Each structure stands twice: as C-alpha cells, then as structure tokens.
Amino acid sequence: MLHKHAVLKDIFGFETFREGQEPIIDAIVAGRNVLAVMPTGSGKSLCFQVPALVRGGLAIVVSPLLALMQDQVAALKLAGVAAETINSSVSREANVEIWKRVAKGDVSILYLTPERLMSERMIAALGRLNISLIAIDEAHCMSQWGAAFRPEYAALEGLRNAFPAVPIGAFTATADEVTRRDIMQKLFAGNADEFVAGFDRPNISLAVEAKHNTPRQLLAFLESRKGESGIVYALSRKSTEEWAAFLNENGHRALPYHAGLPSGQREEHQNIFMAEEGVIICATIAFGMGIDKPDVRFVFHADLPATLDAYYQEIGRAGRDGGPAAAHMVFGLEDMRMRRRFIDDEGAGDERRRREHKRLDALLSYCEAPACRRETLLSYFGETSGPCGNCDVCRNPQATADGTAHAKKILLVMQATGERFGAAHIIDVLLAKPNDRIVALSHDRLSVYGSGRDLPKSAWQSLVRQLVATQCLSLDVAGFGGLSIAPKGRAVLAGIETFHYRPDMMGAAKGRRKERAATAAAAPAHDDLLKRLKALRWKLARERNVAAYVIFSDKTLIDMATRQPLTEMDFGQVHGVGETKRDRFASIFLKEIASHCAQSFP
Ligand code: ADP
Ligand code: ZN
C-alpha cells in the first residue's frame, strides 16, 4: 500500500495536505463511508484521488458533467495516473477498448456518469472487479430539496446494496442542513462519517463599492488585471452582451454567456474561457456549475447577486487554485429595489416573501458593512471569525462619521413630500433641481427645497443608501421604490438617536486607487519569465488539446518563475510538480528558464 504523503508528493507534487483533506482521506482509506462538505476550491478531488491510489484497485468517480470528467482525467493522466472515462462522447469502439483495460486491472480511476454506472450490466461487470472506493462528486444533485436535483442521481441510492463492502464518499459544496440529511439517509442510511469544512476562502479578497459609474469602475478594476481570467456577472442577458462589447472595445478579451445564446455558441464561449488565458466571461448566473477552472482570478458583480448564498457561490468560482483572487461588487439602491420587486412579483406566500426580504437585508448589510466584510459573510453561515485583513474594510479602515444632521435633512424632505417618493425625487428637492414633477407638485415651494446644496448628488445617494441599510428608512417594495421613514428614522428626527455613516462609501474612487497600488506591489518581480512560462504552457496545452491549467496551475508557474530551477531535481521541488510531470516537462521548461536567465544577465 502506498503512503498518502508519498502519493501527495510524488504524484501531485504537493508538500502538505490542505486543511480538512487529511481526516477525509484517512476515513476513506480505512474503508469508511464519508459525507464531505467542502467549499469550492478547497481541494475535494484530492480527497478521493489520494485514497484511490493508496488503496489500489479500481476507484469509481461519479460526476454529472462530461467536460468536468474529461478535464480531471486529462490532468490525472499527465500526472501519471491511469485514469479513464467511459462516456457517450467517444465512439463505442473506444469505450470497449477502455473497458478491456479496466477489466484487466490496468486502470486506477474510472470516471462515469450516474446513468452509466447504475445500469444493471455495469454494476454486474464492476462487481467482478476489485473496487477500491466509489466517490460521488456534486452529491447534492441527489437531493430533491436542492435546486440542482438530477433524476439520474437519485438512482445512486442503490449503490449501498450493490457494493456493500466498498467505501463510498459523497462530496459537495452545498451546505444546507436539509440537503445533507437527505444525502446521509438516501446514500448511507445514516452510516457515514460527516465532515463539514469551514466556509472561509481567505485567498479571495472582498470589496464592495457604491455604483456611480459602473463602466468606469469596471475598467479601473481591470486595469491591473490585464491577461487574467475572470467573470463579470450581470443580471440581464442583454447587459452581459453589452458588457462584453464594451470590454472588447476597451482592449480586453470578453465573451458573453447566458441561457438565451444558441447552445453551440454558449459551449464555444465556455470552452474558450476554460482553455485560454485572459478571457473575461460576461455572464448571467446561468454560467455557474461546472466551471472548474482553477485560475479564475476575479469575479466582478456589475449587479447585485440574489442573496448572500448566491454571492458566496459566485465568488467561489475565483481562486480555486488557492492563489490570490478578487471579488469585487458595485451596487446601488436601484439594484436593491429591483431585487425586492423580483421577490414580490414571484407571487409566493407571505412567509416565503418575508424570508426572502430578510435574506436581501442580509445582503444589504454585507454591502454596507461597517466592519470586516468577511466577518459579516461568515457570520451569515454561522461561523465566527476575526477581522480578515483581506477585504476593503480591513485594508482601508474607515471611521464612521456622525451624519445626523445630513440624515435630518433627508428625513425632513421626506416628511414634507409625504413619504412616497424615491431617492431620485428626494435628492432633486434637496439640491433644488426642478423638474416637471417637482413643479407640478409645488415641491419647489417647500421650505426644504434646496436645503441640501452643501453636498453633491453622489453623497446624498450614498447617505440614502446607508439610511436604508441602517434601517432608518424603508424601501417600499410595491415596485415604485418609494421611501418611507422607519421607526429608527423617526427617532433620529426626534433627536433620540444619532445616525453614523461611512464617508468612504461616498468617495469610493480613492480607496480603489490605494488598493490597486497594493496589488501591484505584491506582484512577483519575475513578470517576464512568468509570461514566457505561460506562453510555453499555452503551447503545450494546445498540442495536447487540454486546458492550460491541466499542464500546470498558475501557482506552479509563479513558483517556477520565483525559484528559477536549473536542474531536474530543483524542478521537482516546484509546487505542483510530481514525478511524472517532472519527467515529462522538466527539460522543456528548464530550457525556457535557462534561456531567459541568459538574456537577462548578458
Ligand atoms: P474543488 O473540487 O474542491 O472545488 P479542486 O479539487 O478542483 O477543488 O482543487 C482546487 C485546486 O487546489 C486544484 O488546482 C488542486 O490542484 C489544488 N490543491 C488541492 N489540494 C492541494 C494541496 N494539498 N496542496 C496544494 N494544492 C492543492
Ligand atoms: Zn476583512
């Protein structure tokens, strides 16, 4: 039996297990069933790949998506593991060939879709082989309670009886309790060790800005991120296309992705994004599950996500390789209003509506968080933590200021106009900007007309937003976005309560510049070499018709550019370089490094 540490180092080229991996691996190696909930990017695959190699024999991995399977199989093969997949995308003859090798015991890990595995013939055939374990990826697809239920997955219930002596591992990133209970019952009849990893993804930096000019904000965000892969999420199909066009006009390479595109084009865009570097996908949330690209460096939300859960899932697509990644969101009150309206238009019962609005409140408080954003996010998932040092609030601590006087001006205008107008109207009155409606309603004759000329429009917008976030105002959700004064706002008006606000939310541009300087300083000083290594990786990936990260991850190339190994042995020390990859790639990468060094030191 191989040792787990030997497998980790020799095959995968990693020094240590990540947090949470080892206990899961130990349990499976010991032959126990496991239900593991781990956030995306935390390294689930290794948790069944290592036990598969340690136990020997044939491991079966069930996965819902062909593209995912193909990527994993290609990556394993390059690392020297005999991995295969039998599926409908290849010819019958090819599948028969693979099966022959499986039957002879020449294959260590076999990827199958659930429908393929659960056919009677397959179960009978596998029953004659030495099966080391069965791993079920995306196990939440089994649960009818979840949003991702797949009927094919329901049949996996039969595994327990079909392979009573084989340990089964179920893996998912979906956390909620109901789904977990469901899987535990159906797949294991309650008999499995359960592991729930923490939700923190410390390598993803978090930032939220008030929306004042989204195109400009997006370009500024991208300025220091040329050549990186990323996702821009937007709410509507049309806007994803507009963003893609806009980015292309501005020197970026961007592609739209939404459910309304012809499926051929959708697939093509996804494939380009997966295979190439530096592509930005502008997508609705239709772009999601199955995006297993580990080197996505940023997720930019041009519109507000639906909930904090959704937000967490969406930003979780960045930085799966553990390298630094950024989640950046811009939001405005208009977004919030739209979301509230979606909930009301859904026509759900009162209780559900109340719950949905509460979820939205949680999202709003994340956006306006006066303290560490990660603390706010994790506390939503029931985890307590300290300030993270990797969010805009931590990096750029902002004292709150007393805004009671400003708040009163807003509240007085609202009172004088009858608490039924939206932010735009209220601000026009404050700034004495006449328009037809103001004139028609004689709001230009109110004593408060023009009482807010001391601050610019953007400042008033932010103040209104923060008054909503702190529950001084309530946003009328009937659809017109009218604001009314909440009890807390009345207390402010009466001088019983004070109102504190975050001035930084009004001048987001300053903070952003600082942040950009920080990332630039952290960039490795080996940019030229890194570029060459990436180009080489790209070439090798092309030749082999696999995604670039299947050859080496970004992290591996960065480590390589930093260490600049000159011998094969040094090369084997680079993060993510196992023995097979060392043998296969050392000479070609060493040549590139040597040639770079020769050029930079004449
Ligand atoms: P998940 O399936 O949990 O979303 P993956 O299994 O795709 O995540 O792993 C994400 C990335 O982390 C991969 O690039 C993988 O090679 C890397 N990884 C996993 N475990 C380790 C480890 N112990 N040390 C270093 N990198 C790791
Ligand atoms: Zn923080």
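Before reading further, recall that the structure is shown in the block above.
All figures in this text were calculated on a predicted structure; none of them were measured in a lab. (Residues numbered from 1 in each chain as written. Chains lettered and ligands numbered in written order. Predicted model: local features only at pLDDT ≥ 70, side-chain atom pairs only at ≥ 80, totals over all residues. Heavy atoms only, no water.)

Q: Please set out the overall build of the chain residue by residue, giving values where relevant.
A: Looking only at helices and strands, the chain features 29 helices and 17 strands. Taken over C-alpha atoms, the radius of gyration comes to 27 Å for the chain, in line with the 25 Å a tight globule of 602 residues would show. Along the three orthogonal principal directions, the C-alpha set of the chain runs to about 90 × 70 × 45 Å. Across the 602 residues of the chain, 52% fall into the buried class. Sequence-distant contacts in the chain: of pairs separated by 6 or more residues, those separated by 24 or more amount to 71%. Carbon and sulfur atoms form 52% of the exposed surface of the chain, whose accessible area is close to 26,400 Å². For the chain, the centre of its 75 positive side-chain charges and the centre of its 71 negative side-chain charges are spaced 2 Å apart. (Helix = DSSP H or I, 4+ residues; strand = E, 2+ residues; numbered from the N terminus. Rg over C-alpha atoms; globule rule 2.2 N^0.38 Å. Buried < 20%, exposed > 50% of the residue type's maximum accessible area, 1.4 Å probe, protein only. Contact = heavy atoms within 4.5 Å. Areas by Shrake-Rupley, 256 points an atom, 1.4 Å probe, with all protein chains shown as cover. Lys, Arg positive; Asp, Glu negative; His and termini not counted. Charge placed at Lys NZ, Arg CZ, Asp CG, Glu CD.)

Q: A description of the sheet that holds strand E8 (residues 204–210) should follow, citing residues and the corresponding values.
A: Strand order across the open sheet formed by six strands is E8-E13-E12-E9-E11-E10, with parallel pairing between neighbours. Strands at the two margins of the open sheet, each flanked by one partner only, are E8 and strand E10 (253–257). Each strand axis lies, on average, 15 degrees off the axis of its neighbour in the sheet, ignoring direction. Looking at chain direction, E8 and strand E13 (residues 325–331) are connected through seven bridges and run parallel. Counterpart to Glu209 in the pairing with E13 is Val330. The sheet strands contacting helix H14 (residues 308–315) are E8, strand E9 (229–233), strand E12 (296–301) and E13, and the helix crosses E12 at an angle near 150 degrees. (Pairing = 2+ DSSP bridges. Axes fitted to C-alpha atoms, helices over the stretch in contact; angles between N-to-C directions.)

Q: I'd like a rundown of the site of ligand 1, residues and numbers included.
A: Lining the immediate environment of ligand 1, one finds 17 residues, of which Gln21, Gly41, Lys44, Ser45 and Arg320 sit closest. Ser45 is positioned such that a nitrogen or oxygen atom in its side chain is 2.5 Å from an oxygen atom of ligand 1. Arg320 is positioned such that a nitrogen or oxygen atom in its side chain is 2.3 Å from an oxygen atom of ligand 1. Broken down by element, the residue count for the shell around ligand 1 peaks at three residues, all from helix H3 (residues 44–55). In the shell around ligand 1, the residues fall into five nonpolar, eight polar and four charged. (Near = heavy atom within 4 Å. Polar contact = N/O pair within 3.5 Å; in protein donor to acceptor, adjacent residues only side chain to side chain. Nonpolar A, V, L, I, M, F, W, Y, C, P; charged D, E, K, R; others polar.)

Q: I'd like a description of the pairing of strand E5 (residues 131–136), backed by residues and values.
A: Of all six residues that make up E5, six are buried, and the element is covered over most of its length. Pairing analysis gives five bridges linking strand E2 (residues 58–62) to E5, with the strands arranged parallel. Residue pairing in the sheet places Ala59 in a bridge with Leu133 of E5. As paired elements, E5 and strand E6 (residues 168–172) share three bridges and run parallel to each other. In the sheet register, Ile134 faces E6, and the bridge partner there is Ile168.

Q: How would you explain the packing of helix H11 (residues 214–223) against helix H12 (residues 237–249) if you had to name every residue and give the values?
A: At a closest axis distance of 12 Å, the pairing of H11 and H12 adopts a crossing angle of 55 degrees. Considering their axes alone, H11 and H12 lie oblique with respect to each other. As for how H11 packs across H12, the hand of that crossing is right-handed. Counting all contacts with H11, which are made through Thr214, Pro215, Leu218, Leu219 and Leu222, the residues of H12 involved are Trp243, Phe246 and Leu247. (Parallel < 35°, antiparallel > 145°, perpendicular 65-115°, else oblique. Left-handed = near helix turned anticlockwise from the far one by under 90°.)

Q: If you had to explain the coordination of the zinc ion (ligand 2) to someone new, which residues and values would you point to?
A: Looking at the zinc ion (ligand 2), the protein donor atoms are Cys372 (SG), Cys388 (SG), Cys391 (SG) and Cys394 (SG), and they sit 2.3 to 2.4 Å from it. Bound by four donor atoms, the zinc ion (ligand 2) shows angles of 101 to 119 degrees at the metal and therefore tetrahedral coordination geometry. In the primary structure, the donors to the zinc ion (ligand 2) are separated according to the pattern C-x15-C-x2-C-x2-C. Residue Cys391 is classed as buried on the basis of its relative accessible area of 0%. (Donors = N, O, S within 2.8 Å, 3.2 Å for Na, K, Ca; no water. Tetrahedral: all angles 85-135°; square planar, octahedral: opposite > 155°, others 65-115°.)

Q: So what about the sheet that holds E5? Which residues, and what values?
A: Spatial ordering of the open sheet is given by E3-E4-E2-E5-E6-E1-E7, a layout of seven strands whose pairing is parallel. Single-partner strands in this sheet number two, and they are strand E3 (83–85) and strand E7 (193–196). This sheet shows a mean twist of 15 degrees between the axes of neighbouring strands, independent of strand direction. Here H3 sits on the sheet and contacts E2, strand E4 (109–112), E5 and E6; the angle it forms with E5, its principal contact strand, is near 175 degrees. Lying over the sheet, helix H5 (residues 92–104) contacts E2, E3 and E4, oriented at roughly 140 degrees with respect to E3.

Q: Residue-level account of the nonpolar core, with values.
A: Residues Leu206, Tyr311, Ile410, Leu473, Phe552, Met560 and Phe589 are the most contacted members of the largest nonpolar core, which totals 99 residues. Considering each element in turn, this core owes the most residues, seven residues, to helix H22 (residues 457–469). (Core = buried A, V, L, I, M, F, W, Y, C linked by side-chain atoms within 4.5 Å.)

Q: Describe the packing of aromatic side chains, and please don't skip the residues or the numbers.
A: One pass over the structure, following the stated rule, counts eleven aromatic pairs. Measuring from ring centre to ring centre gives 6.3 Å for Phe552 and Phe571, while their planes differ by 65 degrees; the resulting arrangement is edge-to-face. Residue Phe552 is located in the loop between helix H26 (548–551) and helix H27 (554–563), and its partner Phe571 is located in helix H28 (residues 568–572); the two are separated by 19 residues in the primary sequence. Take Phe552: its relative accessible area is 1%, and that puts it in the buried class. For Phe571, a relative accessible area of 0% translates into the label buried. Its end group placed over the ring of Tyr366, Arg373 keeps NZ or CZ at 5.8 Å from the ring centre. (Phe/Tyr/Trp six-rings, centres within 6.5 Å; stacked < 30°, edge-to-face > 60°. Lys NZ or Arg CZ within 6 Å of the ring centre and 35° of its normal.)

Q: Could you give me a rundown of the state of the cysteines, with the residues and numbers involved?
A: Counted by the stated rule, this structure contains zero disulfides. Cysteine Cys47 is unpaired, with the sulfur of Cys141 as its nearest cysteine sulfur at 18 Å. (Disulfide = S-S within 2.5 Å.)

Q: Tell me what's going on with the packing of helix H20 (residues 423–431) against H22, and back it up with residues and numbers.
A: Put simply, H20 and H22 touch, their axes get as near as 10 Å, and they point 135 degrees apart. In terms of their interaxial angle, H20 and H22 are classed as oblique. Considering the relative orientation of H20 and H22, their crossing is right-handed. Facing H20, whose interface residues are Ala423, Ile427, Leu430 and Leu431, H22 presents Lys457, Trp460, Gln461 and Val464. A class-by-class count of the residues in the contact of H20 with H22 yields six nonpolar, one polar and one charged.

Q: Account for helix H1 (residues 4–12), naming residues and giving values.
A: Among the residues making up H1, those that are buried are Lys4, Val7, Leu8 and Phe12. Seen along its axis, H1 keeps its buried residues to an arc of 100 degrees; they face one direction. Looking at the buried residues of H1, the elements they touch are helix H2 (21–29), H3 and helix H4 (66–78). Gly13 sits one or two residues past H1 and shows a positive phi near 75 degrees. (Arc of directions from axis to C-beta.)

Q: A description of the environment of Phe298 should follow, citing residues and the corresponding values.
A: Following the sequence through the fold, Phe298 ends up in strand E12. By relative accessible area, Phe298 is classed as buried at 0%.

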